[in-house]
Amino acid sequence: MLIFDQLRKNDRRLQTLAICVLSGLSILLLGLWYVQVVLAKRYQASQVSQSFRTVRIPAIRGKILDANGTTLAENHPDYNVNLYLEELRPYFQSHYSNTLNWVTKELGKAGGKTKLSRAQRIELGKQTRFQVVSNLVARVTNSLGVPFPLNEKQFLEHYDQRLFIPMPVFSGLTPPQIARFVEQSGNLPGFDLDVQPTRIYPHHSTAAHLLGYLQREDAPMDEDTFFNYRLPDFTGATGIERAFDESLRGKTGIKTVLVNSLGYRQSENVWSPAEPGQNVYLTIDLTIQKAAEQALHSGPEGTHTRGAVVVMDPTNGDLLAVASSPTFDPNQFIQGLSHDELQSLNDYKLRPQINRATAGVYAPGSIFKTVVAMAALEAGLNPKEKIYNPPDPSEPWHGHIFVGRRKVKDLAPPGDYDFQRALIKSSNTYFITNGLKAGVDRILELGKRLHFGERTGIPTRQDSGGTFPTREWQQANLGGAWFDGNTANLCIGQGEIAVTPLQVAVLISAIANGGKVFWPRLVSRVEPQDPFSNYQPVEYPTAHVRDNLNVSRRSLDLIREAMHSDVHDADGTGRRAFVPGMHICAKTGTAQIMQGRKIVGHTVWFASFAPYENPRYTMVVMVELDEGIGGSGSETCAPLAHQVYLALQKHEQQAKPNKPGALAKN
Amino acid sequence: MFEPHLNERQPRVDWKMILAIVGLMIIGVAFIYSAKPPFETATWYKQYYVRQIIWYAIGLAAAISICVIDYHSLARWAIIAYWATLVLLIAVLIPGIGTTHGWGARRWIDFGPFQCQPAEFAKLSFIFIQAHFLSRPTEELRQPMVFVKAIGLTVLPFLLILKEPDLGSALVLLPVGMAMCYVAGVPTRFLLRLVGGVGIFVALLLVDVLFAPPGWQPVKLEGYQRDRLLVYFGRDFASANASPDQRHRARQKQEERTYQVKQALISVGSGGIKGKGWRQGQQTALRFLPPDTAHNDFIFSVIAEEKGFLGSVVVISLYTLVLFTGIRIAGQARDRLGKLLAVGIVALLFSHVFINIGMNIRLMPVTGIPLPLLSYGGSSVLCSLIAAGILQNVYLYRRNY
């Protein structure tokens, strides 16, 4: 062997030389082995990190649809113009060298130093690049007739930090602008049209509280290290958009951009494509929802009426409409809010962002007498038995009752009351007397089965439990001191009780359907947009029973009958809701809003179901009134309910010919 | 020296070495082609790989013509060649004659279409004069004066090349001179003393560069040389008591200076075992490896990235073949002159290979030392091939005819 022959030489010094050379070469080989074999992974990783940029691509957000498949939230293509800077490199170079020549010549003429320092050349490069880009952008602005959008600082920032993605120049192009741009973009280097899906709520403020809105998402801390750039993305802030954010959002995609040493984009590779989000189907019926909102907006303060309407299917707990007023337009949040818009959204009194139907808690007032009625009837009250309501000495046209030393006024006129008349006239004297007779425990037990004081479990999160006294609550808050006065207060729906309109709808549904207390259902199913997707559709069960009232049929029939008379008798408080051809059963209520010992306003109610024979709808209307504005459940809410019932009747008649039983199925 | 197969016909040239050299030349052209930027717009005959082929042709012609004349006759011209290159080395320092090519150092002399680096030729003429000088009887080599003169012959071109400045090329003369003295039979104690002296000097220099306060620099190094040493030893550019602003600037400068080394390492390391394939290297395509050095000083990074560790082994093997046939030729040479010529050339080629490849894997600091036959560059190719020609010359005239 050549090598070993040299190592075995008899010339000792030549032999040493051979050994030196061999060991030198071995050191190199060893070093190369260490770098290329042992540390290869590390250097490969740093090569990838310096030449690849990962970009997060948001998926197309799923739609939100109503029970009939009408779109409530979808995406709308937004056209933007982007500038691909890597295509401008020849222009950058030629403009730079021309300028450099000119500068050198001028300096020569002036007789000074003609050579620019390195820093000066870098600065010149920056300036010439900006000149090239701004000239091109100016040509586009001229043809599109839009204001010049380029800002030197933003451009330099993009050039320094995000050169691997195209630079957005114009956004939100109108169709004529798109046409003009497409026509002329052929002779402009680097420009390209880009389509970006933008969230749109086609019905604007309709069901805004349920749908919620989106807000721009900032990178979470832990993801920061992985992505070099995130394309703009939105996340649900409230409502269904937030509750089902994960499903709606889909799977974000990842693309990698190969960049050169200057950061210019060389090529792109989509690692994992974005998968579109899933569609969320609500139980809401857009027509009913719109009718409910319209009715609210015809309330005492127009669109500033503070109130709520809940329409529910008493047979299964499906929510057909959940309206809250005042409302807002969720589209505003995408475009960005002006100062005025923000002000009105945060109005202290109107609080348009609160969903009053599910998150607002109010004293139920006389509505609660239905519960007292159940308790009393179950305790053995004879509905025919009459109770005398004595006239109030100070207001002889009204009745009154003394509980201990406290006088409770009764707006019902003095006279004899049986069960039906007492419910229609909402006699405080009758229900306090019978409530006390039945005992507070029976009332509390019913409230517990109705799950007052607990959330209804709707997914939009704007879900308040309200307050309802329990034995434990009494212990904790009142030190066990529960007097007849407290019970009397409870019997007329005042005092230690507060409910949401949705909870009232659950109560009325239970009365209408024979005692089933449902979990209200808002979302019927979530299913992928692409039927061949890996995701399985998810169905949310309907008629999900939460509890049972355990109230006899006889008692419920008596209450239903009385509620029917409330609308159909000439002296019923709910007669303003009357709709020909529909047997509506209702109970009205007016509760005082106290601030200390002063009455500052009233919460007025209309709680109803229809038709009497075969209940298909439960409807609760609630309006907040300031003190001084005249109104009551009968005067304020019943007419609103009337409007919604009319719309329901019309809707049923329209739906019947083509889709028999479509509504019954809801 | 006793040859085992006297009756066999002896080959006149060493074919193994020639094969290795041809192999290296093929690799050289292939990877200079691969190292060209993706959108090269120069006409074909101006492109580096074409010019390299031309240089190979010229170099081969020069090598063959060298072989025509017996190295004894060539050695007679050694003194003249030596002084002539010294004159060129002086000339290159004069601004009107030498050019800098936009780099920091004045290393080139322009001859119209091509440029020449006199330092490269100085290495060859130095080997000739040294071999000629040391081929005197061994007894004379024991005299200290002779050794001092031998050192003097080394120091003269060393200082001139250092002045360009081209520290790398200058430093290469030292191991070459030492190896020749050693093989010639200069007493080891002389050499050890020299090595000790140089070692102490280098150590002092390093201490000065690495640890001395900035204002106090008895030995003046060029800024970039100091930076390269700082990079090599991984030292912070900012001094301990620098202000935040200075520190920031020093950091930036450090990043700039470390860039080449870092990218070369990433190229070599990311090649892995098998490499990414010819023309598939991303470091050059994306210009992370600076395009102005990828085809010459850092050609090995390109080969290592595209052909991996296996490619590196092939390259090292080819050099091993050249170097060891060189040592064999030294052993077979007819006389001490031939032996010393061969030893000088082996030492020269080895130094180049070791420093250049070592610099790609951060074993050595960055210097402008080309990789023989692989790096693009006329002077380097020409000198390497002439050197190979001299080896063949020694082999060819190993016997008296």
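Our subject is the structure that appears above.
What counts and how
Along each chain, residues carry numbers from 1 onward, in the same order as the chain's sequence is written. Written order determines the labels here, with chains lettered from A and ligands numbered from 1. It should be noted that, the model being predicted, local features are given only for residues of pLDDT at least 70 and side-chain atom pairs only at 80 or more, the latter also being counted only at that level, while totals for whole chains, interfaces and linings use all residues. Hydrogens and water are ignored here; the side-chain numbers use all heavy atoms of the structure. Working definition: helices are DSSP H or I runs of at least four residues, strands are E runs of at least two. Numbering for both runs from the N terminus. This radius of gyration counts C-alpha atoms alone. The globule rule is 2.2 Å times how many residues there are, raised to the power 0.38. In this scheme, a residue with accessible area under 20% of its type's maximum is buried, one over 50% is exposed, and one in between is partly exposed, where area comes from a 1.4 Å probe on protein chains only. Any two residues whose heavy atoms approach within 4.5 Å are treated as being in contact. Positive charges come from Lys and Arg, negative ones from Asp and Glu, while His and the chain ends are left out of the count. Charge positions come from single atoms, namely NZ of Lys, CZ of Arg, CG of Asp or CD of Glu. Each nonpolar core is a collection of buried residues, namely Ala, Val, Leu, Ile, Met, Phe, Trp, Tyr and Cys, held together in the definition by side-chain atoms within 4.5 Å. Accessible-area loss on putting two parts together, using a 1.4 Å probe and summing over both, is the definition of buried area adopted here. Between Lys or Arg on one side and Asp or Glu on the other, a salt bridge is scored when a side-chain nitrogen of the former is within 4 Å of a carboxyl oxygen of the latter. Put simply, a patch holds well-exposed residues, over 30% relative accessible area, that have no salt bridge, with like charges counted together within 9 Å and Val, Leu, Ile, Met, Phe, Trp or Tyr side chains within 5 Å. Per-residue accessibility takes into account occlusion by the displayed protein chains alone, with areas from the Shrake-Rupley method and a 1.4 Å probe. Multiplying 1.5 Å by the helix residue count minus one yields the expected span of that helix. Any two strands between which DSSP finds at least two bridges are classified as paired. What counts as an axis is a line fitted to C-alpha atoms, over the stretch in contact for a helix, and the angles between N-to-C directions run from 0 to 180 degrees. For a crossing to be left-handed, the near helix must be turned anticlockwise from the far one by less than a right angle; the clockwise case is right-handed. All residues other than Ala, Val, Leu, Ile, Met, Phe, Trp, Tyr, Cys, Pro, Asp, Glu, Lys and Arg, Gly among them, are scored as polar; the first ten of these are nonpolar and the last four charged. Only centres within 6.5 Å qualify two rings of Phe, Tyr or Trp (six-membered ring in Trp) as a pair; their planes then separate them into stacked at under 30 degrees, edge-to-face at over 60, and tilted for everything else.

**Student:** Account for the overall build of chain A, naming residues and giving values.
**Tutor:** When you go through chain A residue by residue, the secondary structure sums to 23 helices and 24 strands. The C-alpha atoms of chain A give 37 Å as radius of gyration, which overshoots the globular expectation for 666 residues (26 Å, by more than 25%). Overall, chain A is about 135 × 70 × 55 Å in size when its C-alpha atoms are taken along their principal axes. In chain A, which comprises 666 residues, the proportion classed as buried is 51%. Counted over contacts in chain A with a minimum sequence separation of 6, partners at least 24 positions apart contribute 70%. In chain A, 69 side chains carry a positive charge and 64 a negative one; their mean positions are 6 Å apart.

**Student:** Explain the nonpolar core residue by residue, including any values.
**Tutor:** Of all hydrophobic cores here, the largest spans 130 residues; its most connected members are B:L134, B:F324 and B:L374. Sequence-distant contacts of B:L374, defined by excluding residues within four places in its chain, comprise B:L24, B:I27, B:G28, B:I32, B:Q52, B:I299, B:I303, B:V315 and B:Y319. Judged by nonpolar contacts, the second largest core, of 85 residues, contains A:I64, A:L72, A:A207 and A:L446.

**Student:** Mind laying out the interface of chain B and chain A, listing which residues take part and the relevant values?
**Tutor:** Interface size is often expressed as the accessible area that is lost when the parts come together. Taken together, the contact pairs 52 residues of chain B with 39 residues of chain A. Surface buried jointly by chain B and chain A totals about 3800 Å² across both partners, of which 72% is contributed by carbon and sulfur atoms. A per-residue breakdown of the area chain B buries against chain A is headed by B:Y182, B:L286 and B:F324, which together make up 18% of the total. Here chain B and chain A share one salt bridge between them.

**Student:** Got a sec to walk through the side chain of A:H158? Specific residues and values, please.
**Tutor:** Residues and elements named next belong to chain A. You can see H158 is positioned in helix α6 (residues 152-161). Taking the relative accessible area as the measure of exposure, H158 reaches 3% and is therefore buried. Non-local contacts of H158, meaning those with residues more than four positions away in its chain, are made with L85, L163, I165, P166, M167 and P168.

**Student:** Which residues make up a nonpolar patch on the surface, and what are the values?
**Tutor:** Residue and element names in this part refer to chain A. Together, W33, Y34 and V38 make up a nonpolar patch on the protein surface, roughly 310 Å² of accessible area in all. Along the chain, V38 turns up in helix α2 (residues 12-38). The exposure class of V38 is partly exposed, given its relative accessible area of 41%.

**Student:** Would you mind going over the pattern of salt bridges in detail, with residue names and values included?
**Tutor:** This model, assessed by the stated rule, comprises 29 salt bridges over all chains. Among the ionic pairs, A:D318 bridges to A:R521, the shortest N-O distance being 2.8 Å. On the criterion of sequence distance, the pair formed by A:D318 in the loop between β12 (306-312) and β13 (319-325) and A:R521 in the loop between β18 (516-518) and β19 (523-528) is long-range, its members being 203 residues apart. By relative accessible area, which is 3% here, A:D318 ends up buried. Overall, A:R521 belongs to the buried group, its relative accessible area being 13%. A salt bridge links B:R136 to B:E140; the shortest N-O distance between them is 3.1 Å. You can call B:R136 partly exposed: its relative accessible area is 26%.

**Student:** Break down the side chain of B:T325 for me, with residues and values.
**Tutor:** With respect to the secondary-structure elements, B:T325 resides in helix α14 (residues 299-332). Here B:T325 falls in the buried class, since its relative accessible area comes to 0%. Dropping the residues within four chain positions of it, B:T325 is found in contact with A:L2, B:D14, B:K16 and B:M17.

**Student:** Before we move on, can you summarise helix α9 (residues 188-211) of chain B with the specific residues and values?
**Tutor:** For α9(B), built from 24 residues, the straight-helix expectation of 34 Å at 1.5 Å per residue is met to within 8% by its first-to-last C-alpha distance of 33 Å. By the burial criterion, the buried members of α9(B) are B:F190, B:L191, B:L205, B:D208, B:V209 and B:L210.

**Student:** Tell me what's going on with the sheet that holds strand β23 (residues 598-610) of chain A, and back it up with residues and numbers.
**Tutor:** Residues and elements named next belong to chain A. Spatial strand order, β13-β12-β24-β23-β22: five strands in an open sheet with antiparallel pairing. Strands with a single pairing partner mark the edges of an open sheet, and in this sheet they are β13 and β22 (585-595). Averaged over neighbouring strand pairs, the angle between their axes works out to 10 degrees when direction is ignored. Here β12 runs beside β13; their pairing, made up of six bridges, is antiparallel. Each residue of the ladder has a partner; that of V310, found in β13, is V322. The strands touched by helix α11 (residues 286-297) within the sheet are β12, β13 and β24 (617-626), with β13 carrying the most contacts at an inclination of about 30 degrees.

**Student:** Residue-level account of the packing of helix α8 (residues 167-184) of chain B against helix α15 (residues 336-360) of chain B, with values.
**Tutor:** All names here are of chain B. Orientation of α8 relative to α15, taken along the N-to-C sense of each, is 145 degrees, at an axis distance of 9 Å. Every pair of crossing elements has a handedness; the one defined by α8 and α15 is right-handed. Here V172, P175, V176, A179, M180, V183 and A184 of α8 come into contact with α15, specifically with R336, K339, L340, V343, G344, A347, L348, S351, H352 and I355. Residues belonging to the contact of α8 with α15 are distributed by class as follows: 12 nonpolar, three polar and two charged.

**Student:** Could you give me a rundown of the packing of aromatic side chains, with the residues and numbers involved?
**Tutor:** Two aromatic rings are characterised by how far apart their centres lie and by the angle between their planes. Across all of its chains, the model carries 18 aromatic pairs over all chains by this definition. Taken together, a centroid distance of 6.2 Å and an interplanar angle of 45 degrees make the contact between A:F155 and A:Y159 tilted. With A:F155 and A:Y159 both in helix α6 and four residues apart, this pair spans about one turn of that helix. Look at B:Y82 and B:W83: their rings are 5.6 Å apart centre to centre, the planes differ by 75 degrees, and that puts the pair in the edge-to-face class. The class for B:Y82 is buried, based on a relative accessible area of 1%. Clustering of aromatic rings is evident, with ring pairs tying together A:F130, A:F155 and A:Y159.

**Student:** Now, about α8(B): what can you tell me, with residues and values included?
**Tutor:** Between its first and last C-alpha, α8(B) extends 26 Å over 18 residues, near the 26 Å set by a 1.5 Å rise per residue. Residue B:G185 follows α8(B) closely and has a positive phi angle near 110 degrees.

**Student:** Explain the sheet that holds strand β10 (residues 265-272) of chain A residue by residue, including any values.
**Tutor:** All names here are of chain A. Taken in spatial order, the four strands of this open sheet run β7-β1-β9-β10, and their pairing is mixed. The sheet terminates laterally at β7 (229-230) and β10, the two strands that pair on one side only. When strand β1 (residues 52-57) meets strand β9 (residues 253-259), the two strands line up antiparallel, connected through six bridges. Note on β9: the bridge partner recorded for I57 is G253.

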